[in-house]
Amino acid sequence: MDREEFVEHVGPQLVHLTMRSNVPGINAGGLIRAAEIARRAGIDPRDLRLRKDRTEIRLEGRTIKLNHQRPLIAGAAQAETFLDGHTLESWADVLNSRLFFWPTDGGASFADSLKAEDNIVQVRLDSRRFFDAFAPDIDLSPINSGSATRRASARGDWLFVPVAKGWDAFAENRRTRGHAQRRDSVAEVSISRDIPPEIFRTLMLVPGQTGAA
(Lines give C-alpha, C1' and ligand atoms only; values in the text may rest on other atoms or scores of the structure.)
Protein backbone atom coordinates (compact mmCIF):
# COMPACT_ATOMS: atom_id res chain seq x y z
CA MET A 1 0.00 0.00 0.00
CA ASP A 2 1.45 3.35 -0.97
CA ARG A 3 0.77 6.75 0.56
CA GLU A 4 -2.09 7.76 -1.72
CA GLU A 5 -3.90 4.45 -1.31
CA PHE A 6 -3.60 4.84 2.45
CA VAL A 7 -5.12 8.33 2.27
CA GLU A 8 -7.87 7.04 -0.02
CA HIS A 9 -9.01 4.65 2.69
CA VAL A 10 -8.47 6.70 5.87
CA GLY A 11 -9.00 10.25 4.66
CA PRO A 12 -6.58 13.22 4.59
CA GLN A 13 -6.56 13.54 8.39
CA LEU A 14 -6.23 11.17 11.32
CA VAL A 15 -7.64 12.04 14.73
CA HIS A 16 -6.12 11.16 18.08
CA LEU A 17 -8.32 11.81 21.12
CA THR A 18 -6.84 12.77 24.46
CA MET A 19 -7.62 14.64 27.63
CA ARG A 20 -7.29 18.40 27.22
CA SER A 21 -4.82 18.55 30.11
CA ASN A 22 -2.46 16.18 28.22
CA VAL A 23 -1.98 18.53 25.26
CA PRO A 24 0.91 20.67 26.64
CA GLY A 25 2.81 17.52 27.61
CA ILE A 26 2.21 15.93 24.20
CA ASN A 27 3.47 19.06 22.46
CA ALA A 28 6.61 19.01 24.63
CA GLY A 29 7.27 15.29 25.01
CA GLY A 30 5.47 13.59 22.15
CA LEU A 31 2.81 10.92 22.16
CA ILE A 32 3.62 7.95 24.41
CA ARG A 33 1.86 4.59 24.71
CA ALA A 34 0.21 3.80 28.05
CA ALA A 35 2.49 0.81 28.72
CA GLU A 36 5.58 2.91 28.03
CA ILE A 37 4.31 5.69 30.29
CA ALA A 38 4.00 3.13 33.06
CA ARG A 39 7.50 1.73 32.49
CA ARG A 40 9.10 5.18 32.51
CA ALA A 41 7.22 6.01 35.72
CA GLY A 42 8.39 2.80 37.40
CA ILE A 43 4.96 1.18 37.31
CA ASP A 44 4.21 -2.37 36.18
CA PRO A 45 2.30 -1.95 32.88
CA ARG A 46 0.00 -4.76 33.99
CA ASP A 47 -1.34 -2.42 36.67
CA LEU A 48 -3.00 -0.44 33.86
CA ARG A 49 -5.10 -3.37 32.68
CA LEU A 50 -8.86 -2.84 32.50
CA ARG A 51 -8.95 0.65 33.98
CA LYS A 52 -12.43 1.44 35.26
CA ASP A 53 -11.64 5.12 35.65
CA ARG A 54 -9.27 7.64 34.17
CA THR A 55 -5.82 7.14 35.66
CA GLU A 56 -3.27 9.83 36.45
CA ILE A 57 0.47 9.11 36.23
CA ARG A 58 3.27 11.50 37.11
CA LEU A 59 6.07 11.41 34.56
CA GLU A 60 8.99 13.80 34.12
CA GLY A 61 7.33 16.61 36.03
CA ARG A 62 3.92 16.37 34.37
CA THR A 63 0.69 14.55 35.05
CA ILE A 64 -0.63 12.32 32.27
CA LYS A 65 -4.26 11.25 32.31
CA LEU A 66 -5.06 7.90 30.71
CA ASN A 67 -8.60 7.21 29.61
CA HIS A 68 -10.64 4.37 31.14
CA GLN A 69 -11.15 1.00 29.44
CA ARG A 70 -14.81 0.57 30.28
CA PRO A 71 -15.81 -0.25 26.66
CA LEU A 72 -13.55 -3.33 26.88
CA ILE A 73 -14.63 -4.25 30.40
CA ALA A 74 -18.22 -4.31 29.13
CA GLY A 75 -17.38 -7.55 27.32
CA ALA A 76 -16.04 -9.42 30.36
CA ALA A 77 -18.92 -11.91 30.48
CA GLN A 78 -18.50 -12.84 26.81
CA ALA A 79 -14.70 -12.58 26.52
CA GLU A 80 -14.25 -16.22 25.48
CA THR A 81 -16.60 -15.73 22.55
CA PHE A 82 -14.80 -12.82 20.89
CA LEU A 83 -11.14 -13.10 21.99
CA ASP A 84 -8.89 -15.40 19.97
CA GLY A 85 -5.73 -16.40 21.81
CA HIS A 86 -6.20 -13.80 24.52
CA THR A 87 -7.81 -13.17 27.87
CA LEU A 88 -9.47 -9.84 28.58
CA GLU A 89 -6.36 -8.90 30.57
CA SER A 90 -3.87 -9.79 27.86
CA TRP A 91 -5.95 -7.96 25.25
CA ALA A 92 -5.85 -4.89 27.49
CA ASP A 93 -2.05 -5.24 27.41
CA VAL A 94 -2.19 -5.22 23.61
CA LEU A 95 -4.21 -2.01 23.65
CA ASN A 96 -1.89 -0.38 26.17
CA SER A 97 1.09 -1.10 23.88
CA ARG A 98 -0.37 0.85 20.95
CA LEU A 99 -1.25 4.39 19.96
CA PHE A 100 -4.63 4.72 18.25
CA PHE A 101 -5.94 7.07 15.61
CA TRP A 102 -9.28 7.41 13.88
CA PRO A 103 -10.00 8.00 10.19
CA THR A 104 -11.83 11.20 9.34
CA ASP A 105 -13.72 9.35 6.60
CA GLY A 106 -16.16 7.09 8.46
CA GLY A 107 -15.76 4.28 10.98
CA ALA A 108 -14.77 6.28 14.06
CA SER A 109 -17.55 5.11 16.38
CA PHE A 110 -15.25 5.11 19.39
CA ALA A 111 -14.11 8.63 18.59
CA ASP A 112 -17.71 9.76 18.35
CA SER A 113 -18.54 8.22 21.71
CA LEU A 114 -15.60 9.82 23.46
CA LYS A 115 -16.40 13.25 22.05
CA ALA A 116 -19.41 13.31 24.34
CA GLU A 117 -17.15 13.11 27.39
CA ASP A 118 -15.84 16.19 29.15
CA ASN A 119 -12.38 17.56 28.45
CA ILE A 120 -11.66 15.37 25.42
CA VAL A 121 -9.97 17.10 22.50
CA GLN A 122 -9.07 16.06 18.98
CA VAL A 123 -5.47 16.12 17.83
CA ARG A 124 -5.59 16.17 14.02
CA LEU A 125 -2.67 14.80 12.05
CA ASP A 126 -1.82 14.89 8.37
CA SER A 127 -2.39 11.38 6.97
CA ARG A 128 0.26 11.68 4.27
CA ARG A 129 2.95 12.81 6.70
CA PHE A 130 1.85 10.09 9.12
CA PHE A 131 2.30 7.46 6.41
CA ASP A 132 5.71 8.82 5.45
CA ALA A 133 6.84 8.81 9.08
CA PHE A 134 5.61 5.37 10.16
CA ALA A 135 4.98 3.03 7.23
CA PRO A 136 5.35 0.05 7.34
CA ASP A 137 4.73 0.17 11.13
CA ILE A 138 1.11 1.22 10.60
CA ASP A 139 -1.62 -1.35 11.32
CA LEU A 140 -5.23 -1.16 10.18
CA SER A 141 -8.29 -2.51 11.96
CA PRO A 142 -11.89 -2.77 10.72
CA ILE A 143 -13.32 -2.43 14.23
CA ASN A 144 -12.75 -0.50 17.42
CA SER A 145 -10.33 -2.96 18.98
CA GLY A 146 -10.91 -1.55 22.47
CA SER A 147 -14.69 -1.88 22.57
CA ALA A 148 -16.64 -5.00 23.46
CA THR A 149 -20.08 -3.53 24.01
CA ARG A 150 -23.19 -5.23 22.67
CA ARG A 151 -22.25 -8.10 20.33
CA ALA A 152 -18.47 -7.86 20.36
CA SER A 153 -16.67 -8.67 17.11
CA ALA A 154 -14.04 -11.42 17.08
CA ARG A 155 -10.47 -10.29 17.49
CA GLY A 156 -6.95 -11.53 18.09
CA ASP A 157 -3.44 -10.53 17.09
CA TRP A 158 -4.49 -11.16 13.48
CA LEU A 159 -6.92 -8.20 13.66
CA PHE A 160 -4.15 -5.66 13.08
CA VAL A 161 -3.06 -5.82 9.44
CA PRO A 162 0.14 -3.96 8.47
CA VAL A 163 -0.25 -1.54 5.58
CA ALA A 164 2.82 -3.24 4.11
CA LYS A 165 0.65 -6.27 3.31
CA GLY A 166 -1.54 -4.22 1.00
CA TRP A 167 -5.18 -3.27 0.84
CA ASP A 168 -6.58 -6.63 -0.25
CA ALA A 169 -4.88 -8.39 2.66
CA PHE A 170 -6.64 -6.04 5.04
CA ALA A 171 -10.02 -5.92 3.27
CA GLU A 172 -10.27 -9.73 3.08
CA ASN A 173 -8.67 -10.55 6.44
CA ARG A 174 -11.84 -11.15 8.45
CA ARG A 175 -13.80 -12.62 5.57
CA THR A 176 -11.21 -15.32 4.94
CA ARG A 177 -11.39 -16.21 8.65
CA GLY A 178 -15.17 -16.46 8.61
CA HIS A 179 -15.71 -13.37 10.77
CA ALA A 180 -17.23 -11.13 8.10
CA GLN A 181 -19.34 -11.52 5.00
CA ARG A 182 -18.03 -8.48 3.14
CA ARG A 183 -14.76 -6.74 2.51
CA ASP A 184 -13.78 -4.47 5.36
CA SER A 185 -13.13 -0.74 5.56
CA VAL A 186 -10.82 1.00 8.03
CA ALA A 187 -12.25 1.95 11.41
CA GLU A 188 -9.00 2.33 13.34
CA VAL A 189 -5.31 3.00 12.72
CA SER A 190 -2.59 2.13 15.23
CA ILE A 191 1.16 1.87 15.71
CA SER A 192 3.15 -0.03 18.33
CA ARG A 193 5.65 2.76 18.95
CA ASP A 194 5.82 6.18 20.49
CA ILE A 195 5.95 9.44 18.53
CA PRO A 196 8.86 11.71 19.52
CA PRO A 197 7.94 15.39 19.91
CA GLU A 198 10.00 16.54 16.93
CA ILE A 199 8.11 14.15 14.65
CA PHE A 200 4.76 14.79 16.29
CA ARG A 201 5.03 18.49 15.62
CA THR A 202 5.54 17.87 11.90
CA LEU A 203 2.38 15.73 11.76
CA MET A 204 0.01 18.22 13.37
CA LEU A 205 -2.04 20.18 10.88
CA VAL A 206 -1.76 23.32 13.03
CA PRO A 207 1.47 23.01 15.09
CA GLY A 208 0.92 23.38 18.81
CA GLN A 209 -2.88 23.40 18.56
CA THR A 210 -5.73 20.92 18.67
CA GLY A 211 -9.34 21.00 17.61
CA ALA A 212 -12.00 21.00 20.29
CA ALA A 213 -14.03 17.84 20.63
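Now for a quick tour of the structure. Source: prediction; values computed, not measured. (Residues numbered from 1 in each chain as written. Predicted model: local features only at pLDDT ≥ 70, side-chain atom pairs only at ≥ 80, totals over all residues. Heavy atoms only, no water.)

**Here's the deal with the pattern of salt bridges**
- Inspection of the entire model under this criterion finds 16 salt bridges.
- Among the salt bridges present, the one from Glu 56 reaches Lys 65, with a minimum N-O distance of 3.7 Å.
- Among the residues examined, Lys 65 registers a relative accessible area of 28% and is labelled partly exposed. (Salt bridge = Lys/Arg side-chain N within 4 Å of Asp/Glu carboxyl O. Buried < 20%, exposed > 50% of the residue type's maximum accessible area, 1.4 Å probe, protein only.)

**Quick notes on the layout of surface pockets**
- Looking at the largest pocket, its volume works out to about 720 Å³.
- Lining the largest pocket are 37 residues, and of these His 16, Leu 17, Arg 51, Asn 67 and Phe 100 lie nearest its centre.
- Put simply, the parts of the chain that give the lining of the largest pocket at least two residues each are β1 (13-19), α2 (23-29), α3 (34-40), β3 (62-66), α6 (88-96), β4 (99-103) and α7 (109-115).
- Per-element accounting of the lining of the largest pocket gives the leading share, five residues, to β3.
- Here the lining of the largest pocket is built from residues that sort into 17 nonpolar, 14 polar and six charged. (1 Å grid on protein atoms, 1.4 Å probe; cavity = no way out; pocket = protein on both sides within 12 Å on 5 of 7 lines; lining within 4 Å. Points joined across faces, edges and corners; volume = space filled by probe spheres on them. Helix = DSSP H or I, 4+ residues; strand = E, 2+ residues; numbered from the N terminus. Nonpolar A, V, L, I, M, F, W, Y, C, P; charged D, E, K, R; others polar.)

**Some words on the side chain of Ser 141**
- With respect to the helices, strands and loops of the structure, Ser 141 is situated in strand β6 (residues 138-141).
- In terms of polar contacts, Ser 141 uses its side chain to reach the backbone carbonyl oxygen of Ile 143, at 2.8 Å.
- Apart from the residues lying within four places of it in its own chain, the contact partners of Ser 141 are Leu 159, Phe 160, Phe 170, Ser 185, Val 186, Ala 187 and Glu 188. (Polar contact = N/O pair within 3.5 Å; in protein donor to acceptor, adjacent residues only side chain to side chain. Contact = heavy atoms within 4.5 Å.)

**Description of the nonpolar core**
- Formed by 28 residues in total, the largest nonpolar core has its most connected members in Phe 6, Phe 101, Phe 130, Ile 138, Leu 140, Val 189 and Ile 195.
- Counting residues per element, the ones that place at least two in this core are α1 (3-10), β4, β5 (120-126), α8 (127-134), β6, α9 (167-171), β8 (188-191) and α11 (197-203).
- Aside from chain neighbours lying at most four places away, what touches Ile 195 is Gly 30, Leu 31, Leu 99, Phe 101, Phe 134, Phe 200 and Leu 203.
- One finds Ala 79, Ile 143, Trp 158 and Phe 160 within the second-largest nonpolar core, a separate group that totals 22 residues. (Core = buried A, V, L, I, M, F, W, Y, C linked by side-chain atoms within 4.5 Å.)

**A word on the pairing of β4**
- The buried fraction of β4 amounts to five of the five residues, a majority that puts the element mostly inside the structure.
- Of the two faces of β4, the one lined by Leu 99, Phe 101 and Pro 103 and the one lined by Phe 100 and Trp 102 are each fully buried.
- By the bridge criterion, two bridges tie β1 to β4 in an arrangement that is antiparallel. Counted as the bridge partner of Val 15 is Trp 102 from β4.
- In this structure, β4 lies alongside β8, joined through three bridges in antiparallel fashion. Note on β8: the bridge partner recorded for Phe 101 is Val 189. (Pairing = 2+ DSSP bridges.)

**Quick look at the packing of aromatic side chains**
- Tallied over the full model, the rule gives five aromatic pairs.
- When the centroid spacing of 5.4 Å and the interplanar angle of 40° are considered together, the rings of Phe 6 and Phe 131 count as tilted. Of the two residues, Phe 6 is situated in helix α1 and Phe 131 in helix α8; the sequence distance between them amounts to 125 residues. Each member of the pair, Phe 6 as well as Phe 131, carries the same accessibility label: buried.
- For the pair Trp 91 and Phe 160, a centre-to-centre distance of 5.7 Å together with 10° between the ring planes defines the contact as stacked. Highlighted residues: Trp 91 in helix α6 and Phe 160 in the loop between β6 and β7 (161-162), separated in sequence by 69 residues.
- Residue classification places Trp 91 among the buried positions, given a relative accessible area of 0%.
- Residue class for Phe 160 comes out buried when judged on its relative accessible area of 7%.
- Here a set of aromatic residues connected by ring pairs shows up, and it is made of Phe 101, Phe 130 and Phe 134.
- The cationic tip of Arg 98 hangs over the ring face of Phe 160; the distance from NZ or CZ to the ring centre is 3.8 Å. (Phe/Tyr/Trp six-rings, centres within 6.5 Å; stacked < 30°, edge-to-face > 60°. Lys NZ or Arg CZ within 6 Å of the ring centre and 35° of its normal.)

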